[in-house]
There are 2 protein chains.
Amino acid sequence: MQLLKTTDTDFSTAFQALVNNRREATVDVSGTVRGILADVKVRGDAAVKEYTSRFDHFSPESLHLSADFIATQAAKCPGDVKAALELAAERISRFHQKQLPQDIGYTDATGVKLGLNWVSLSQVGIYVPGGRASYPSSVLMNALPAKIAGVERIVMTVPIPRGEINPAVLAAAQVAGVTEIYSIGGAQAVAALAYGTETIKPVDKVVGPGNAYVAEAKRQVFGTVGIDSIAGPSEILVVADDKNNPEWIAWDLLSQAEHDPSAQSILITDSEIFAQQVITAVELVLTKLSTQAVASASWQNHGAVIVVSDLAESIPLLNQLAPEHVELCVDNPQLLASQIKCAGSLFLGRYTPEAIGDYLGGPNHVLPTSRSARFASGLSVYDFLKRITYLECNQAALQEIGKAAVTLAEAEGLPAHAGSVALRLQSKV
Amino acid sequence: MQLLKTTDTDFSTAFQALVNNRREATVDVSGTVRGILADVKVRGDAAVKEYTSRFDHFSPESLHLSADFIATQAAKCPGDVKAALELAAERISRFHQKQLPQDIGYTDATGVKLGLNWVSLSQVGIYVPGGRASYPSSVLMNALPAKIAGVERIVMTVPIPRGEINPAVLAAAQVAGVTEIYSIGGAQAVAALAYGTETIKPVDKVVGPGNAYVAEAKRQVFGTVGIDSIAGPSEILVVADDKNNPEWIAWDLLSQAEHDPSAQSILITDSEIFAQQVITAVELVLTKLSTQAVASASWQNHGAVIVVSDLAESIPLLNQLAPEHVELCVDNPQLLASQIKCAGSLFLGRYTPEAIGDYLGGPNHVLPTSRSARFASGLSVYDFLKRITYLECNQAALQEIGKAAVTLAEAEGLPAHAGSVALRLQSKV
């Protein structure tokens, strides 16, 4: 953990180093992944089963989970967890339904009809991690926007290492209405979704979080299918004045640190005393966590506390860091929020811990990391929709605007472009 | 060119081969590009100048085009071309302005405030090809949506091979209001935009068409910056009945064929006689084109004519091909259009040649190729906007939904997530 003050003479240098620290895995898995993808493309199910047996120590007869298996496993999910998933699904659905966009269509003064229709993707694959990092909340966050967008076929893959599955993951699939599920993971699952196998029909887009192999596989199949963004380690930036409870802020910082040793938690405050109180509280809270090893590694190596003279100074710093999650633990958080240009999602006020958004606030928890909030957004209904534009000229409209198109086509040296318009200006069908 | 009939016994096999033919360049430029990117990242301007001198045979003192140079060159653009660019800009702007989306915001029954704000990207780079394939229309199609989205800094790069530039390209930049222009191209331009140099401040997203090196460079910098889609060779699919003028349809098919030997033009018709008329017309038109060599190669190697029994059969074929451009040269084109799920842009009726959309119909001409219309859309205002979501709980709202979040965090084995919520349920700030 490093403590920076904007009044330090070397602040600018230290802050730039913080901004530029990419916190990425250094192992290059691209060759391994390329091999797996090529193998699955050629050998299909046989290859997928081999990798599943080798990496997950699981060798089912069929990769497809039967309705019976899903029902039996999901029934093991505790009642309070099931109820919480249902509340989460309801709140997430309501928020994402409001994203459904309107088609555009009009006839202009020249008589040209033109517009844009939103059309849902036909089939998408949702990658769900298995084992320790198997999160039922991610099933909801990925599947519900697709469902709301109108995607007809939603395919889920989830590895079942050593035959073990978290019942809550299948309960979440039930809640989200996902029924086509395969017990596979890793690069081989991404390959199966992108290329198809004898058992698994290919999809048009693959979304969902995963480890380094999954991320690299998604990068490599991009183009064959669409992908959502490639997720990096989680990040939180908390802007807090000294009227906060330091212990609350410590828990908030650690809620992202506990995800990954490469995660990053940053506090910006205008009080050096408060900064020290939070640092002390973090050390205390760490001792209480079952996730202490991960959270501690993240905090020691990537944590930062920045003391500013005035909280207004936090805005340009924040916009440069472009963090995944931002908490504004201040009075009138909207005042600061309105100046934020680069962030995944905002959590406003003293009673909105980031974790509430991870589960059931309503907005999506799949968010841009590694400064990609400069140009990218969280997962949404838009990720499962396409826009098809259209144009319709009648003869009179083409007479009015066609000549200019011919002029431009000729200026670009494209005679067939020019001719296709010019002919229609000279004669009738 | 191949002629297929849906009544042929081997139609299904032949059609699948057509669908799966990727028409891609076979030369792997990834190593070369990786080297250029790494070099520009380390040596900045010096590297960019060296590559510009080597590849473009151009060695300017400054990479930055002065306002004087731009004005002098743009003034050489013929008046009718300038006027056509202005008409195009007006029509493109009007269409893209209608895309500007509404923010979402509401307070739900529990008192939680939540929403989503659209925010424009701060700075983007537009890659414009130079030399033969330098298209002023692409300047408008890339720059205007960015301008309308509210992007503050729009940077344009355009190579000036041997000091030669198409005045219409700079006139288009003037019309679009782009003033920061650098005389560079290739992978080195993409690197300069993504990483920055002494002269060029980095941007957050790079858009625009380019050759194989540019496409690969965009693929490699993805993540450091955002990119639009990676463009492949152009495509057109024309659905036409026998009430069309075969010559018109021939020009339409060749308008895409003349872009690139790897371009693809496909006709689907319900009349074998009409199909033969068009094939004959194509051969005739080819002899009239200055772009004959390119158009002929494309038509011979990748052209296809598909005869169906009924035009309704065209829809499933079309949705599988997912072409960039679709012309529906039929009566009541809306009837077929409403069933199209996978296409970049539609051109409806007998008086809407695709070329009108390339220049000034209104919709964007940067469109998904290589079947990516299954999951992707044309360039739009949305490509230059981000969504930032937000959530604000008061103490009472957190009391109502917080317990379920704690339950889910515990089910996922994330104690700091659970604790950050649980603490706030137990006490006040």
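Residues numbered from 1 in each chain as written. Chains lettered and ligands numbered in written order. Predicted model: local features only at pLDDT ≥ 70, side-chain atom pairs only at ≥ 80, totals over all residues. Heavy atoms only, no water.

- If you check an unreviewed UniProt entry, chain A appears there as Histidinol dehydrogenase from Nostoc piscinale CENA21.
- Word for word, the UniProt comment on chain A under Pathway (unreviewed entry) is "Amino-acid biosynthesis; L-histidine biosynthesis; L-histidine from 5-phospho-alpha-D-ribose 1-diphosphate: step 9/9."
- We quote the UniProt Catalytic activity (unreviewed entry) comment for chain A here in full: "L-histidinol + 2 NAD(+) + H2O = L-histidine + 2 NADH + 3 H(+)". (UniProt positions renumbered as here; feature names shortened; annotations may be inferred.)

### A short note on the relation of the copies chain A and chain B
Now for step 1: Of the transformation superimposing chain A on chain B, the axial component is 0.0 Å and the angular component is 180°, with the fit at an RMSD of 0.0 Å. Such a combination of rotation and displacement between the chain copies is what one expects of a two-fold axis. It is P101 of chain A whose C-alpha, among those of chain A, lies nearest the rotation axis, at 4.1 Å.
Now for step 2: Looking at chain A, 100% of its interface residues are interface residues in chain B too, so the copies touch through the same face. (Least-squares fit on C-alpha atoms with pLDDT ≥ 70 in both. Contact = heavy atoms within 4.5 Å.)

### Observations concerning the environment of A146 of chain B
Residue and element names in this part refer to chain B.
Now for step 1: Relative to the helices and strands, A146 resides in helix α6 (residues 136–149).
Now for step 2: Sequence spacing of A146 and Y382 is 236 residues, and the spatial spacing of their C-alpha atoms is 9.0 Å.
Now for step 3: Apart from residues lying up to four places away in sequence, A146 is in contact with V124, V151, I154 and F384. (Helix = DSSP H or I, 4+ residues; strand = E, 2+ residues; numbered from the N terminus.)

### Section: the packing of aromatic side chains
Now for step 1: Applying the stated criterion across every chain, the model contains 13 aromatic pairs over all chains.
Now for step 2: Here a set of aromatic residues connected by ring pairs shows up, and it is made of W118 and Y382 of chain A together with W118 and Y382 of chain B.
Now for step 3: Over the aromatic face of F55 of chain A sits the side chain of R54 of chain A, whose NZ or CZ is 5.7 Å from the ring centroid. (Phe/Tyr/Trp six-rings, centres within 6.5 Å; stacked < 30°, edge-to-face > 60°. Lys NZ or Arg CZ within 6 Å of the ring centre and 35° of its normal.)

### Some remarks on empty space enclosed by the protein
Now for step 1: The final tally for this structure, using the stated rule, is 5 cavities of 30 Å³ or more.
Now for step 2: The volume enclosed by the largest cavity comes to roughly 70 Å³.
Now for step 3: Broken down by secondary-structure element, the contributors of at least two residues to the lining of the largest cavity are α5 (79–97) of chain A together with β14 (385–392) of chain B.
Now for step 4: When grouped by side-chain class, the residues that make up the lining of the largest cavity number 5 nonpolar, 7 polar and 1 charged. (1 Å grid on protein atoms, 1.4 Å probe; cavity = no way out; pocket = protein on both sides within 12 Å on 5 of 7 lines; lining within 4 Å. Points joined across faces, edges and corners; volume = space filled by probe spheres on them. Nonpolar A, V, L, I, M, F, W, Y, C, P; charged D, E, K, R; others polar.)

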